[in-house]
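# Observations on the three-dimensional arrangement
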Amino acid sequence: MGGRSGQRVLPWRVRDLSWISKIQVNQPAVLRRAEQIQARRPVKKEWQAAWLLKAVTFIDLTTLSGDDTPSNVQRLCYKAKYPIREDLLKALNVHDKGITTAAVCVYPARVCDAVKALKAAGCDIPVASVATGFPAGQTHLKTRLEEIRLAVEDGASEIDVVINRTLVLTGQWEALYDEIRQFRKACGEAHLKTILATGELGSLTNVYKASMVAMMAGSDFIKTSTGKESVNATFPVAIVMLRAIRDFFWKTGNKVGFKPAGGIRSAKDSLAWLSLIKEELGDEWLKPELFRIGASTLLADIERQIYHHVTGRYAAYHDLPMS
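None of these values were measured; they are calculated from a predicted model.

Reading the values: rules and limits
- Residues numbered from 1 in each chain as written.
- Predicted model: local features only at pLDDT ≥ 70, side-chain atom pairs only at ≥ 80, totals over all residues.
- Heavy atoms only, no water.
- Salt bridge = Lys/Arg side-chain N within 4 Å of Asp/Glu carboxyl O.
- Helix = DSSP H or I, 4+ residues; strand = E, 2+ residues; numbered from the N terminus.
- Buried < 20%, exposed > 50% of the residue type's maximum accessible area, 1.4 Å probe, protein only.
- Pairing = 2+ DSSP bridges.
- Axes fitted to C-alpha atoms, helices over the stretch in contact; angles between N-to-C directions.
- Contact = heavy atoms within 4.5 Å.
- pLDDT = per-residue confidence, 0-100.
- Right-handed = clockwise from strand over helix to strand, strands pointing away.
- UniProt positions renumbered as here; feature names shortened; annotations may be inferred.
- Polar contact = N/O pair within 3.5 Å; in protein donor to acceptor, adjacent residues only side chain to side chain.

### A word on the pattern of salt bridges
Inspection of the entire model under this criterion finds 22 salt bridges. Between arginine 149 and glutamate 146 there is a salt bridge whose closest N-O contact spans 3.4 Å. One end of the pair is arginine 149 and the other is glutamate 146, both in helix α6 (residues 141-153) and three residues apart, which spans about a single turn. For arginine 149, a relative accessible area of 35% translates into the label partly exposed. With a closest N to O distance of 2.9 Å, glutamate 200 and arginine 165 form a salt bridge. Of this pair, glutamate 200 sits in the loop between β5 (191-195) and α9 (204-216) while arginine 165 sits in helix α7 (residues 165-169), placing them 35 residues apart in sequence. Exposure remark for arginine 165: the relative accessible area of 6% places this residue in the buried category.

Next comes the structure, spelled out in structure tokens:
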């Protein structure tokens, strides 16, 4: 992933952030841009297959259910290493490219299971853990920080934290900055992915402000959603966050990654997200170090579409099992 955020020399001190309160987002312009993205024609045939395989390499393959067990985490890890059936990859002549998902994402209590399963599979796919009172972020700060430290101790190399939305809704930008800086410190060498839970921030202007503060505080990634809100990853929100990432890069020279999550279920959706990244940030961001897709069911539809491309027919459910 990107450079060590904890070692960045930031150009601002938080006490100089009076300008944050003056920011306004032009919502009609953002909505027009979002409509353009959704109106694009998807690529077809071999071009589509190539882009779908690329999309696989950006997926944080995720299970965040109350009934997660060591066995279903093990199956998830196996799928992360072998995301597409070998015969389909051979038909496309990419069986030797080492295509895997970007990471496996689980609850803190399941990190050990994932680390063990991936080690047994002989692969170095990173384990990401949600933390800080996911998904609401309403537990005591001390508890949230300890959750990060425990997940890192268990082997998580990426931590997806949730912010306290109250701080955004009440305009407490300095407090938000300080909170994320503490998350950054607790992560140690692990990468910090900050979930903004944009569906609960009230406005696109707040999304931009929260994005900027999160990046200034040392986030390696900013992420749209937990996947548990009523509104998750949307194109208007993504455009605002991507523009914030671009502005931050222009000001500091630091590249921060982007992760949409929640509601991205179809292969067609994934192609639209790749197109958006390419247009807003350029090819430099189209790599797992700077772009991820948080998803649990997306991979199944991508594999189904690749199966159709290779065979000319759609697979039955039993043709593409989870493991």
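So that's the structure; there's more coming.
### A short note on the sheet that holds strand β7 (residues 257-259)
Pairing is parallel across the open sheet formed by eight strands, whose spatial order is β7-β6-β5-β4-β3-β2-β1-β8. For this open sheet the edge positions go to β7 and β8 (293-295), each flanked by a neighbour on one side alone. Each strand of the sheet is rotated relative to its neighbour by a mean of 25°, with strand direction disregarded. With three bridges joining them, strand β1 (residues 59-62) and β8 adopt parallel strand pairing. Across the sheet, the residue bridging to isoleucine 59 is isoleucine 293, located in β8. Its contacts with the sheet place α6 against β3 (127-131) and β4 (158-162), and it is angled at close to 160° to β4.

### A closer look at the confidence of the model for the protein chain
Taken over all residues, the pLDDT of the protein chain has a mean of 92, while the share at 70 or more is 93%. Long-range and interchain partners of residues 2-9, a stretch whose pLDDT sits below 50, account for 22 contacts in this model, where long-range means more than four residues apart. Note that residues 11-15 has pLDDT below 50 and, in this model, 11 contacts with residues that lie over four places away or in other chains.

### What about the pairing of strand β2 (residues 103-106)?
Neither face of β2 is left uncovered, since the one carrying Ala103 and Cys105 and the one carrying Val104 and Val106 both have all their residues buried. Pairing geometry for β2 and β3, over three bridges, is parallel. Bridging across to β3, valine 106 finds its partner in serine 129. For the handedness criterion, the β-α-β arrangement of β2, helix α5 (residues 111-120) and β3 is classed as right-handed.

### Things to note about unusual backbone geometry
Cis geometry is adopted by the peptide bond preceding proline 135, which originates at phenylalanine 134 and carries an omega value of 0°. On the secondary structure map, proline 135 appears in the loop between β3 and α6. Here the phi dihedral of threonine 132 falls at roughly 60°; this positive angle occurs in a residue that is not glycine. By secondary structure assignment, the location of threonine 132 is in the loop between β3 and α6. Its identity as a non-glycine residue notwithstanding, alanine 197 has a phi of 50°, on the positive side. Here alanine 197 is to be found in the loop between β5 and α9. We classify alanine 197 as buried; its relative accessible area is 0%.

### Describing the UniProt feature "active site" (unreviewed entry) in the protein chain
According to UniProt, the "active site" (unreviewed entry) feature falls on Lys223 and Lys259. A maximum C-alpha distance of 4.5 Å is found for the annotated residues, which run over 37 residues; spatially they form one tight group. When you line up the elements, lysine 223 lands in strand β6 (residues 221-223). The exposure class assigned to lysine 223 is buried, which follows from its relative accessible area of 3%. When neighbours within four sequence positions are excluded, lysine 223 is seen to be in contact with Asp160, Thr194, Ile195, Leu196, Ala197, Met241, Lys259 and Ala261.

### Notes on the side chain of threonine 205
As for its position among the elements, threonine 205 is in helix α9. For threonine 205, a relative accessible area of 11% puts it in the buried group. Among the polar contacts made by the side chain of threonine 205, one reaches the main-chain amide nitrogen of valine 25 at a distance of 3.1 Å. Those residues in contact with threonine 205, other than ones at most four positions away along the chain, are Ile23, Gln24 and Val25.

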